[in-house]
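Listed below are the residues making up each chain.
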Amino acid sequence: MTAQDIVAVRPDARPAGDVLLRATDVTKHYTLSRPRRTLRAVDGVSLEVRTGETLGVVGESGCGKSTLGRCLVRLTELTGGTVEFDGQDISTLSARRLRPVRPGMQLVFQDPQASLNPRRRAGDIVAEPLLVHRYGDAGAVRRRVAELFDVAGLAAAHLDRYPHEFSGGQRQRIGIARALATDPKLIVADEPVSALDVSIQAQVLNLFADLQEEFGLTYVFIAHDLGVVRHVSDRIAVMYLGEIVELADTEALFTAPAHPYTQALLSAVPDIDDGTQTASRERIVLTGEVPNPVDKPSGCPFRTRCPYAREICATERPRLTATAPGRLAACHFPLTG
Ligand code: ADP
Ligand code: MG
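Described in the following lines is the structure provided in the data block. It should be emphasised that the depicted structure is a prediction, and the values quoted were computed from it without experimental measurement.

### A look at the environment of F302
Inspection of the secondary structure assignment puts F302 in the loop between α11 (260–268) and α12 (311–315). For F302, a relative accessible area of 0% gives the class buried. Remark: the alpha-carbon pair of F302 and Y240, spanning 62 residues in sequence, is separated by 7.2 Å. Excluding its chain neighbours within four sequence positions, the residues that come into contact with F302 are Y240, H259, P260, Y261 and L286.

Okay, structure coming up:
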């Protein structure tokens, strides 16, 4: 049994709300020394996330998902581009100006083992953001922590336990309770179930769905597993070498991918017999390695592995443009289904 078998969290795309988060041409480059080279971790990403929706971000390891996630909540400085959150450009705000914005956007990490301080009790971990943002007196903080434990499905009796005394799934619930503490509008979840057993994945995915429903949360949900993002996302952005190569409504993406890379990713996903998937799918097997992001191919980043690449793909970088309603692709020769 896999997580995908037991959950069908988001069967329908929901109506689009206002834009809560807008990234425009976001880049994050790291300078490596000896020899001095530029690593293009995120390379010109533009996207919008609407209030109440879940935007999935998917791609192979190293394609820049985590770096993008950190850029979106300004946990890292951008090399270029802008991020607007709730109508405000947060990409250049000073630390002092950023402070009042921070509570509204939170990150949930992949590995709760690593992101929870092992020497602090669970209750104190969840209380920390409340203290940082001066939520109220000790009594108010205690009541809020108890409420967050309840909301995240943790037992009040476990407030004084240390992270190692919890299971992996429970630890992720602590991370979620901590993220919810400041009543955020946006949660960027970076592979929040990737480190969990598949049987536990479904429970945590369902918790995300319930919380979204209850609090009207907006999610950017990062995963390398297309099966997981499919079940939580209204729309999905597919990343390759720091770029978004396709961004489409979830079902449209699965039914008829426009980018050859998306098609290749899909053919690697085992068929899920839930009646919604097209019966026959052409199998594209990726050949070669993902190029090194310090040495990106000219033109289209995917062209060195693309079965349809032609001359223009090496000379011109394709822009992310609409190829059909509800769908953007960065490809000179998008697939037409
Ligand atoms: P993903 O989350 O998709 O696996 P990451 O965003 O973690 O990808 O990494 C994207 C690229 O940026 C990788 O090549 C990674 O090695 C590189 N990278 C990430 N963080 C740093 C850093 N602090 N310094 C240098 N390179 C980094
Ligand atoms: Mg990552």
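### As for the pattern of salt bridges
Enumeration according to the criterion identifies 16 salt bridges in this entry. Here D43 and R40 are joined by a salt bridge, their closest N and O atoms 3.5 Å apart. As a salt-bridge pair, E60 and R305 come within 3.7 Å of each other at their nearest N and O atoms. With E60 in the loop between β3 (54–58) and α2 (65–72) and R305 in the loop between α11 and α12, this residue pair connects regions lying 245 residues apart in the sequence. Salt bridges here are not isolated pairs; linked through shared partners, they connect R40, D43, E243, K296 and R317.

### Thoughts on the packing of aromatic side chains
Think of a pair of aromatic rings as described by two things: how far the centres are apart, and how the planes are tilted against each other in angle. Within this structure, the stated rule accounts for five aromatic pairs. Members of the aromatic cluster, each reached through a chain of ring pairs, are F208, Y219 and F221. A cation over an aromatic ring shows up here: R230 above the ring of F254, its NZ or CZ 4.3 Å from the ring centre. Across from the ring centre of F333, 3.9 Å away, lies the NZ or CZ of R310, which sits over that ring.

Cut-off values and rules
Residues numbered from 1 in each chain as written. Chains lettered and ligands numbered in written order. Predicted model: local features only at pLDDT ≥ 70, side-chain atom pairs only at ≥ 80, totals over all residues. Heavy atoms only, no water. Helix = DSSP H or I, 4+ residues; strand = E, 2+ residues; numbered from the N terminus. Buried < 20%, exposed > 50% of the residue type's maximum accessible area, 1.4 Å probe, protein only. Contact = heavy atoms within 4.5 Å. Salt bridge = Lys/Arg side-chain N within 4 Å of Asp/Glu carboxyl O. Phe/Tyr/Trp six-rings, centres within 6.5 Å; stacked < 30°, edge-to-face > 60°. Lys NZ or Arg CZ within 6 Å of the ring centre and 35° of its normal.

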